[in-house]
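Survey of secondary and tertiary structure
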Amino acid sequence: MSFSISFGPLSAADHEAVAKLLHRSLVQWYESRLRQGAKFGDSHEPFLLFPEVYEALDPGEAVTARDTQTGEVLGVCFSHERETHVAIGIVATAPEAGGRGIAKQMMAAVLEKARNLGKPARLVSSLLNLDSFSLYTRLGFAPGAIFQDMLITVPEDGMTSPEPTGSTRVREARSDEAESIADFEHSQQGIRREKDFAFFLQNKVGSWRVLVSEREDGSLNGFLAMSTHPSFSMIGPGVAADEEMAAALLWRALDGLRGKTLVFLLPCAAANLVRTAYSWGARNVELHVAQSTAPVSSAQGIVFPTFMPETA
Ligand SMILES: CC(C)(COP(=O)(O)OP(=O)(O)OC[C@H]1O[C@@H](n2cnc3c(N)ncnc32)[C@H](O)[C@@H]1OP(=O)(O)O)[C@@H](O)C(=O)NCCC(=O)NCCS
C-alpha cells in the first residue's frame, strides 16, 4: 500500500470518509486495547462535526494521507495555526493501514509547517494510548500538565449542589469579547488564539456557548467555552485565575446543560476543584496530558482543555 501526504481542503465527500475513518480508528483502537470501543457509539455520523467545524475554522489546514491508487483517505490530522503556536488534533489512521508510518508522516508535515512559522506545536494526548503518546514524544513533544477526563450526568432539574462562591460573577460572553478572552488566556497561559473564541461567539458551525467571569473592576478572571452540539457535548476550552473561579464557571456551565451526559477535563493538580467535581457526581473515565514542542514554563491558572478544537 503506497500513500501520499498533503495539506488541503476537505470536499463534502471527504467529510463522510473522514468521519468514518475517525469513528473506525477510535472504535478499533479502544476496543482492541481497552475493550472500550463501545464508548464511541455505533455510528460515524456524530464524527461529521469534526471535518465540518475544522474546515470552517481552518480551511485547507487538514493533512490527509491517501492511497496513491484509489485516493481513499487512510489518515487524517488537523492543524490549527494560531498567534503563538500551532495546535494539532485529532490524529487518526485507518486500522488496516496502521503501523506504516502514516501518523508519523502526517505529524511531520504539521511540525515542518510549525517550524517554518517559528511556532511551537501543542496537543492533548491520551495517557491510556501509548501508541499516540509515543508517536508524539518520538517527534519531540514533551508532556506537561496531566488532566483527568470526568464524566457527569447533569440532573434534568439542574445542579443539586449549592452554587459555589463566585458564580454571581459569571455571565454569558458578549459577541465582541473574543479579544479580551484571548488576552486573558495569554496573560495566564502564554498562548493566544483569538480565532477560536471569535468562532465560538459567531456560533455559525457547531453549537457553542461561552461564559466569562469578571473581577469587581470588570476585568476578566476566567472564561469557559463549551460545545452543546448533540454530536459532541463537552465543556472546554477554558481558563480560570484560580480554583474557586474555575468551580464557579464549571457549576454554571453544567447547570446550563441539564439532562445531558458529558465530559470535561480538569488538571489533576487542582485537588480542591477535582474533589468538588467528585462531590457533584463526576467520575474519572480517562487521563490526558498536554504535550508541546516548547512548553510555556510561566503558565498559571486552571485550564479546561478540550478535544475540539484540541487544546491544552
Ligand atoms: C495512534 C495512531 C494515530 C497511530 O497511527 P499509525 O499510523 O499506526 O502510527 P505510525 O505507523 O506512524 O507509528 C507511530 C510511531 O509510534 C511508535 N510507537 C508506537 N507505540 C510505541 C511504544 N509503545 N513505544 C515507543 N514507540 C511506539 C511507532 O514505533 C512509530 O514510530 P517509528 O516509526 O519511529 O517506529 C493510530 O493507532 C490511531 O489512529 N489510533 C486511534 C485514534 C487515536 O487514538 N488517535 C490519537 C488521539 S490523541
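A quick note: this is a predicted structure, and the numbers were derived from the prediction, not measured. Counting from 1, residues in each chain are numbered in the order their sequence is written. Residues qualify for local features only when their pLDDT is at least 70, as the model is predicted, and side-chain atom pairs are given and counted only at 80 or more; totals for whole chains, interfaces and linings, by contrast, use all residues. As a rule here, side-chain values come from all non-hydrogen atoms in the structure, and water together with hydrogens is ignored.

1. Considerations on the site of the ligand
A single heavy atom is enough: if one lies within 4 Å of a molecule or strand, its residue is considered near that molecule or strand. If you check the shell around the ligand, you find 21 residues, and the closest are V91, G99, G101, K104 and R138. At 2.9 Å, a side-chain N or O of N129 approaches an oxygen atom of the ligand. Contact with the protein chains removes 75% of the 970 Å² of surface that the ligand exposes when unbound. Only helix 1 (12-34), strand 4 (86-93), helix 3 (102-117) and helix 4 (130-138) provide two or more residues apiece to the shell around the ligand. The secondary structure listing takes helices from DSSP runs of H or I that are at least 4 residues long and strands from runs of E that are at least 2 residues long, numbered from the N terminus. With 6 residues, helix 4 is the largest single contributor of residues to the shell around the ligand. Side-chain atoms alone can form a polar contact between residues adjacent in sequence; in general such a contact is a pair of N or O atoms within 3.5 Å, and within protein one must be able to donate a hydrogen while the other accepts it. Under the convention used here, a 1.4 Å probe and the Shrake-Rupley method define accessible areas, while residue burial counts only the protein chains that appear.

2. Comments concerning unusual backbone geometry
A negative phi angle is the norm for most residues apart from glycine, just as the trans form is the norm for most peptide bonds. Cis rather than trans, the peptide bond between G89 and I90 has omega equal to -10°. Relative to the helices and strands, I90 resides in strand 4. Even without being a glycine, N203 presents a positive backbone phi close to 55°. The class of N203 is partly exposed, set by a relative accessible area of 33%. Note on exposure labels: buried denotes an accessible area under 20% of the residue type's maximum, exposed denotes more than 50%, and partly exposed covers the range between, all computed with a 1.4 Å probe on protein chains only.

3. A word on the packing of helix 5 (residues 178-189) against helix 6 (residues 194-202)
Running from N to C, helix 5 and helix 6 cross one another at 140°; their axes reach a closest spacing of 8 Å. Relative to helix 6, the element helix 5 lies oblique. The chirality of how helix 5 crosses helix 6 is right-handed. Every residue of helix 6 that contacts helix 5 at A178, E179, I181, A182 and E185 is listed here: E194, F197, A198 and L201. Of the residues in the contact of helix 5 with helix 6, the class split is 6 nonpolar, no polar and 3 charged. Interaxial angles span 0 to 180 degrees and are taken between N-to-C directions of axes, which are lines fitted to C-alpha atoms, for helices over the stretch in contact. Throughout, the term roughly parallel applies to angles under 35 degrees, roughly antiparallel to angles over 145, roughly perpendicular to angles from 65 to 115, and oblique to all others. For any pair of crossing helices, the crossing counts as left-handed if the nearer helix is rotated counterclockwise from the farther one by less than a right angle, and right-handed if it is rotated clockwise. Whether two residues touch is decided by their heavy atoms; if any such pair falls within 4.5 Å, the residues are in contact. Residues were grouped as follows: Ala, Val, Leu, Ile, Met, Phe, Trp, Tyr, Cys and Pro as nonpolar; Asp, Glu, Lys and Arg as charged; and all remaining residues, including Gly, as polar.

4. Observations regarding the pattern of salt bridges
We count a salt bridge whenever a side-chain nitrogen from Lys or Arg sits within 4 Å of a carboxyl oxygen from Asp or Glu. Throughout the structure, instances matching the rule amount to 22 salt bridges. For R82, the salt bridge is made with D58, and the minimal N-O distance between the two is 2.9 Å. With R82 in the loop between strand 3 (73-81) and strand 4 and D58 in the loop between helix 2 (49-57) and strand 2 (62-67), this residue pair connects regions lying 24 residues apart in the sequence. Across the salt bridge formed by D196 and R82, the nearest N and O atoms sit 2.6 Å from each other. Linking D196 in helix 6 with R82 in the loop between strand 3 and strand 4, this pair joins segments that are 114 residues apart in sequence. The exposure class assigned to D196 is buried, which follows from its relative accessible area of 2%. Taken together, the shared-partner salt bridges in this structure form one network comprising D58, R82, E185, R193, K195 and D196.

5. Here we look at the nonpolar core
Counting 71 residues, the largest nonpolar core has I88, M107 and I181 as the members making the most contacts within it. If one sorts the elements of this core by residue count, helix 3 sits on top with 8 residues. Domain ranges listed in this record stem from an automatic or a database domain assignment. Mapping this core onto the domain boundaries places at least three of its residues in each of domain 1 (3-119) and domain 2 (147-311). Once residues lying within four places of it in the same chain are set aside, the contact partners of I88 are C77, F78, H80, M107, V110, A121, R122, L123, F141 and E310. If you look at the next biggest cluster of nonpolar residues, it comprises 31 residues, including M150, M245, A248 and A253. Side-chain atoms within 4.5 Å link the members of a nonpolar core, which is a set of buried Ala, Val, Leu, Ile, Met, Phe, Trp, Tyr and Cys residues.

6. Comments concerning the domain arrangement of the protein chain
In terms of domains, the protein chain is made up of domain 1 (3-119) and domain 2 (147-311). Computed from C-alpha coordinates alone, the two centres of domain 1 and domain 2 are separated by 25 Å. Listed per partner, the contact involves 20 residues of domain 1 and 21 residues of domain 2. Carbon and sulfur atoms supply 63% of the area buried between domain 1 and domain 2, which totals about 1,700 Å² over both sides. Summed over both partners, the accessible surface that disappears when two parts come together, traced with a 1.4 Å probe, is what is meant by buried area. Among the residues domain 1 hides against domain 2, the three largest losses belong to L49, L57 and E83. Together they make up 29% of the total. The interface formed by domain 1 and domain 2 contains 4 salt bridges.

7. Topic: the packing of aromatic side chains
What counts as a ring pair is set by centres within 6.5 Å for rings of Phe, Tyr and Trp (its six-membered ring), and what kind of pair is set by the plane angle: stacked under 30 degrees, edge-to-face over 60, tilted for all other angles. Inspection of the entire model under this criterion finds 12 aromatic pairs. Look at F184 and F223: their rings are 6.4 Å apart centre to centre, the planes differ by 90°, and that puts the pair in the edge-to-face class. Here F184, found in helix 5, pairs with F223, found in strand 9 (residues 220-229); they are 39 residues apart in sequence, far enough to count as distant. Overall, the relative accessible area of 5% leaves F184 in the buried class. Pairing F197 with F223 gives two aromatic rings, centres 5.0 Å apart and planes at 70°, and the pair type is edge-to-face. With F197 in helix 6 and F223 in strand 9, this pair connects stretches of sequence that are 26 residues apart. Since its relative accessible area comes to 0%, F197 is described here as buried. With a relative accessible area of 0%, F223 lands in the buried category. Grouped by ring-pair contacts, the aromatic residues F184, F197, F199, F200, W208 and F223 constitute a single cluster.

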